[in-house]
Amino acid sequence: SGKALVTYDPARVGQKEIIDTLVRLGYPAHPVSATEDKTKLVNWLLVQTALAFVLSIPFALQMVGVHFPPMLQVVFATLIQFGTGYTFYVGTWYGLRSFTANMDTLVALGTTAAYGLSLWTIILGRQEHLYFETSAFLIFFILLGRCLENRAKSKAGEGMKALLRLQ
C-alpha cells in the first residue's frame, strides 16, 4: 500500500527524526493526516501517463512509416525521459543514497542507455537507427502499469473494507 504505521515513544525520538531516517534509506516519507486526499497522487500519475502516451504517438507513427525528423525525436524523447520519467530518476537517487537498487534504477538505467545512445548517434552525425522510441515506450508502459496497479490496489482495498463492514 506504500504506507507504514510507526509507533514510537515521543520522549525518545521525534516524528522528524523518523521521517529523515526513512528518506535517508530511500523511502520518501511524510506524515499522513486523516483528511489527506490520496487522489492527488493517483491524479498526478494519470497525468504523467497520459502525457507520456501523447508524446509517444509520433514514435508509434514513425514505426508505420511516417517520417519523424531526428531533432523532433530529441525534443519529444527529452520531454518524456526527463519530464514524465523524472520519478524514476528520483527513485534511483534515493536508492543510490542508501546503496540499494530497485525497479526505478532499472528503468532509469535502461531508458537512459537507449536515450543516450540515440543522442550520441545524432551528435556524431551517423545515419544509424535511433532508439528514442524504446525509452519513450518503456516509460509510458511502466507508468501505465503503475496506474493499473494503483487501480487494482484501490479496488482490493475497497473490497477488504466492504468485507470488514460485513463482519
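Refer to the structure printed above.
Residues numbered from 1 in each chain as written. Predicted model: local features only at pLDDT ≥ 70, side-chain atom pairs only at ≥ 80, totals over all residues. Heavy atoms only, no water.

Draft legend 1. Structural view of the overall build of the protein chain. Across its full length, the protein chain holds six helices and zero strands. Secondary structure of the protein chain in N-to-C order comes out as α-α-α-α-α-α. Whereas a compact globule of 167 residues would reach a radius of gyration of roughly 15 Å, the protein chain reaches 20 Å, over 25% beyond that. For the protein chain, the spread of C-alpha atoms along the three principal axes comes to 65 × 40 × 20 Å. (Helix = DSSP H or I, 4+ residues; strand = E, 2+ residues; numbered from the N terminus. Rg over C-alpha atoms; globule rule 2.2 N^0.38 Å.)

Draft legend 2. Up close: helix α6 (residues 132-166). Its 35 residues give α6 an end-to-end C-alpha distance of 51 Å, which sits within 8% of 51 Å, the value for a rise of 1.5 Å per residue. Of the positions making up α6, those classed as buried are Phe132, Glu133, Ser135, Ala136, Phe137, Ile139, Phe140, Leu143 and Cys147. (Expected span 1.5 Å × (residues − 1). Buried < 20%, exposed > 50% of the residue type's maximum accessible area, 1.4 Å probe, protein only.)

Draft legend 3. Seen up close, a nonpolar patch on the surface. Residues Phe53, Val54, Ile57, Leu61, Met63, Val64 and Val66 make up a contiguous nonpolar surface patch of roughly 650 Å² in combined accessible area. For valine 66, a relative accessible area of 42% corresponds to the partly exposed category. (Patch = residues over 30% accessible without salt bridge, like charges linked within 9 Å, V, L, I, M, F, W, Y side chains within 5 Å. Areas by Shrake-Rupley, 256 points an atom, 1.4 Å probe, with all protein chains shown as cover. Salt bridge = Lys/Arg side-chain N within 4 Å of Asp/Glu carboxyl O.)

Draft legend 4. Up close: the packing of aromatic side chains. Under the defined criterion, the tally for this structure stands at eight aromatic pairs. For the pair phenylalanine 137 and phenylalanine 141, a centre-to-centre distance of 6.3 Å together with 35° between the ring planes defines the contact as tilted. Taken together, the positions of phenylalanine 137 and phenylalanine 141, both in helix α6 and four residues apart, correspond to about one turn of that helix. Plain terms: the ring middles of phenylalanine 140 and phenylalanine 141 are 5.1 Å apart, the flat faces sit at 50° to each other, and that makes the pair tilted. (Phe/Tyr/Trp six-rings, centres within 6.5 Å; stacked < 30°, edge-to-face > 60°.)

Draft legend 5. Structural detail: the side chain of threonine 105. With respect to the element layout, threonine 105 can be found in helix α5 (residues 103-124). On the accessibility criterion, threonine 105 (16% relative accessible area) is buried. Aside from chain neighbours lying at most four places away, what touches threonine 105 is Thr92 and Thr100. (Contact = heavy atoms within 4.5 Å.)

Draft legend 6. A look at helix α3 (residues 70-84). For α3, built from 15 residues, the straight-helix expectation of 21 Å at 1.5 Å per residue is met to within 8% by its first-to-last C-alpha distance of 20 Å. For α3, the full list of buried residues reads Gln73, Val74, Ala77, Ile80, Gln81 and Thr84.

Draft legend 7. Structural detail: unusual backbone geometry. A positive phi angle, near 55°, is found at phenylalanine 99, a position not held by glycine. Its location among the elements puts phenylalanine 99 in the loop between α4 (86-97) and α5.

Draft legend 8. Geometry of the packing of α4 against α5. Running from N to C, α4 and α5 point in directions that differ by 125°, and their axes come no closer than 8 Å. Classified by the angle between their axes, α4 and α5 sit oblique to one another. Every pair of crossing elements has a handedness; the one defined by α4 and α5 is left-handed. When α4 is examined against α5, the residues Thr87, Phe88, Tyr89, Gly91 and Thr92 are found in contact with a partner set consisting of Asp104, Thr105, Val107, Ala108, Thr111 and Thr112. Residues that form the contact of α4 with α5 fall into these classes: four nonpolar, six polar and one charged. (Axes fitted to C-alpha atoms, helices over the stretch in contact; angles between N-to-C directions. Parallel < 35°, antiparallel > 145°, perpendicular 65-115°, else oblique. Left-handed = near helix turned anticlockwise from the far one by under 90°. Nonpolar A, V, L, I, M, F, W, Y, C, P; charged D, E, K, R; others polar.)

Draft legend 9. Quick peek at the nonpolar core. Phe59, Ala77, Ile80, Phe88, Phe132, Ile139 and Leu143 are the most contacted members of the largest nonpolar core, which totals 19 residues. Residue assignment for this core shows that the elements contributing at least two residues are α2 (39-63), α3, α5 and α6. The element that contributes the greatest number of residues to this core is α6, accounting for seven residues. When sequence neighbours within four positions are dropped, the list of residues in contact with phenylalanine 59 reads Phe68, Gln73, Phe76, Ala77, Ile80, Phe132, Glu133, Ala136 and Phe137. (Core = buried A, V, L, I, M, F, W, Y, C linked by side-chain atoms within 4.5 Å.)

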